[in-house]
Amino acid sequence: MGVGSYVSRRKFLRWTAGAAGAVAAPQLVPASALGKDGAVAPSDRITLGAIGIGNRGAYVLNCFLNEPDVRFVAVAEVKKARREAVKKMADAKYGNDECKTYRDLRELLARPDIDAVLIATGPNWHATAAIMAAEAGKDVYCEKPCTKNISQSLALAAAFRRTARVFQAGTQRRNLPHFEFAVQLARTGKLGKLHTMYAHPNGMATVQSGWEPAEPEPDKDDVDWDLYLGPAAWRPFNKKLLNGFHFEKGGGLVGGGILEWGSHCVDLCQWANDADHTAPVEYNPPEDGIITARYANGVKLIVREKDWLPLGSCPVRFEGETGWVEAGDSGKLVLSSPALLAGRKVAEIGGYPATFHVREFLDCVKTRAKPKANADVACYAHIACHAANIACFLGRKLTYDPVKNEFPGDEEANRLRSEALREPWRI
């Protein structure tokens, strides 16, 4: 169904309710159907499906289940054990046996009653599944890293502009108060002219993915190996590849920590530099554990592993001509001067919960506004990470044109912007 003809379940319910009222006699209706007594009326509920739910996905799904205006109805998962675990969780939540299970995500996406989907597969599937969902008329909350390369990043953003669907990348730190406060200090000039930003990569290893020894392939109903690989290059089954972050699952340049943590930390730096629709133009390979990039406005991005204040995982630091701020997952801020607080108390929320991020997504599904981590924002934050990763892999300085989205005159680097995708998963 094309976006022009797509009618959400909520609109359909409103229209049919209005039509029925014009011809039917008054009837007694349960209070819950009208949204009374704290219940949410069916016309205001968001019907949710999920694709690929493991450890992280189960946590985020639970955040959705705790929202009163969400009704979770189906899961698509290539592993039988996980399908059954999600169904058990959902049925226990609602006190029924109605959660449907699918092995193939295409069956779930074909359901017209589903408004939105949570995508928490392995990263090899994220972009392809998200684009398929958008083209099926679904809004998307997608875990990160959202893309495998620069070309996928651009395709993801283009798909959500074309279909007018809502997209939220799982970069939940954009909705945590201390990170947001630190970013706004940089964006509003409270630190003076911004000149340097720091992001934490949690590793800089870049390799090309190899093969594990072939093992007997399980029954397709237990683990659908072909669907598990999805758009990635084929390789023989090996149970070691069924869990964890195996970025390519069959080919291409492995993203490592630059992509995994960078999709959070570099994303926050992009936001602080008001660079959500561009990327750095120069990238230097690692030197003494540091990658340095430069934006067209002269601001430096330094990706480093060491010398952070003890503020928890995923730290960022922003430095201007008159002040600086550093923040991490502890929920705490350290500032160059108490005056930067201007008498405000910033809430300390540690542990990077996704609750606020999920809530913003649901609100945007209803209002059709763009979330903070929309597809365009995710596109360029990921491009910055991919370009840094390519510089790291090639071991030399690169220049990048964020308008043409290419490495000018650099055939070797340009080949690494994309990779072949297996049929029928081309996007």
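Above this text you will find the structure in question.
Only a predicted model underlies this, so the values are computations on that prediction, with no experimental measurement involved. (Residues numbered from 1 in each chain as written. Predicted model: local features only at pLDDT ≥ 70, side-chain atom pairs only at ≥ 80, totals over all residues. Heavy atoms only, no water.)

Notes on helix α7 (residues 177–187)
Which entries qualify depends on this criterion: Partly exposed describes any residue whose relative accessible area lies between the buried limit of under 20% and the exposed limit of over 50%, with all areas from a 1.4 Å probe on protein chains only and scaled to the type maximum. Working definition: helices are DSSP H or I runs of at least four residues, strands are E runs of at least two. Numbering for both runs from the N terminus. The contact criterion used throughout is that any non-hydrogen atoms of two residues lie within 4.5 Å.
Burial in α7 covers these residues: His178, Phe179, Phe181, Ala182, Val183, Leu185 and Ala186. Elements that come into contact with the buried residues of α7 comprise β7 (194–199), α10 (262–272), β11 (316–320), β12 (324–327) and β13 (333–335). Phi for Gly189, located one or two positions after α7, is positive at around 80°.

Observations concerning the sheet that holds strand β2 (residues 70–76)
Quick reminder of the rule: DSSP calls a pair of strands paired once it identifies at least 2 bridges connecting them. Angles run from 0 to 180 degrees between N-to-C directions of axes, and those axes are lines fitted to C-alpha atoms, restricted for helices to the stretch in contact.
Strand order in the open sheet formed by 6 strands is β3-β2-β1-β4-β5-β6, with parallel pairing between adjacent strands. Pairing within the sheet leaves two strands with one partner each, and these edge strands are β3 (100–102) and β6 (167–169). Pairwise comparison of adjacent strand axes, ignoring direction, gives a mean angle of 20° for this sheet. Helix α2 (residues 55–65) contacts β1 (46–51), β2, β4 (116–119) and β5 (139–142) of the sheet and is inclined by roughly 150° relative to β4. Here helix α11 (residues 355–367) sits on the sheet in contact with β1, β2, β4, β5 and β6, set at roughly 170° to β5.

So, the packing of aromatic side chains
The condition that has to hold: Pairing of aromatic rings covers Phe, Tyr and Trp, the last through its six-membered ring, and needs centres within 6.5 Å; plane angles under 30 degrees mean stacked, over 60 mean edge-to-face, and all others mean tilted. Only lysine NZ and arginine CZ atoms are considered, and such an atom sits over a ring when it is within 6 Å of the ring centre and within 35 degrees of the ring normal.
Taken as a whole and judged by the stated rule, the model has 8 aromatic pairs. Between Tyr400 and Phe407, the ring centres sit 5.0 Å apart and the planes meet at 65°, which makes this aromatic pair edge-to-face. Accessibility expressed as a relative area gives 3% for Tyr400, which makes it buried. In textbook terms, an aromatic cluster arises when at least three aromatic residues are bridged by ring pairs, as seen for Phe64, Tyr141 and Phe361. Stacked on the ring of Tyr94, the Lys or Arg Arg71 has its end atom at 3.9 Å from the ring centre. Over the aromatic face of Trp324 sits the side chain of Arg317, whose NZ or CZ is 4.0 Å from the ring centroid.

A look at the pattern of salt bridges
Where side chains of opposite charge bring their charged atoms close, a pairing between them can arise. Counted only if it meets this: A pairing counts as a salt bridge when a side-chain nitrogen of Lys or Arg comes within 4 Å of a carboxyl oxygen of Asp or Glu.
Counted according to the given criterion, the structure contains 36 salt bridges. Note that Arg161 is salt-bridged to Asp376, the shortest N-O span being 2.4 Å. One end of the pair, Arg161, is in helix α6 (residues 150–163); the other, Asp376, is in helix α12 (residues 375–394), with 215 residues separating them in the sequence. A salt bridge links Arg187 to Asp274, with the shortest nitrogen-to-oxygen separation between them at 3.3 Å. Highlighted residues: Arg187 in helix α7 and Asp274 in the loop between α10 and β8 (282–283), separated in sequence by 87 residues. For Arg187, a relative accessible area of 37% translates into the label partly exposed. Salt bridges sharing common partners tie together Glu67, Asp69, Arg359, Asp363 and Lys366.

Remarks on the nonpolar core
Definition in use: By nonpolar core we mean a set of buried residues, namely Ala, Val, Leu, Ile, Met, Phe, Trp, Tyr and Cys, connected to one another through side-chain atoms within 4.5 Å.
In terms of nonpolar packing, the biggest core is built from 56 residues, with Met197, Tyr283, Leu301, Phe318, Val325, Leu333 and Phe407 touching the most fellow members. At 11 residues, the largest contribution of residues to this core is made by α12. Residues within four places of Leu301 in sequence aside, it is in contact with Met197, Ala199, Val266, Cys269, Pro280, Ile291, Thr292, Ala293 and Tyr295. Membership of the second largest hydrophobic core comes to 39 residues, among which are Ile51, Ala74, Ala133 and Val140.

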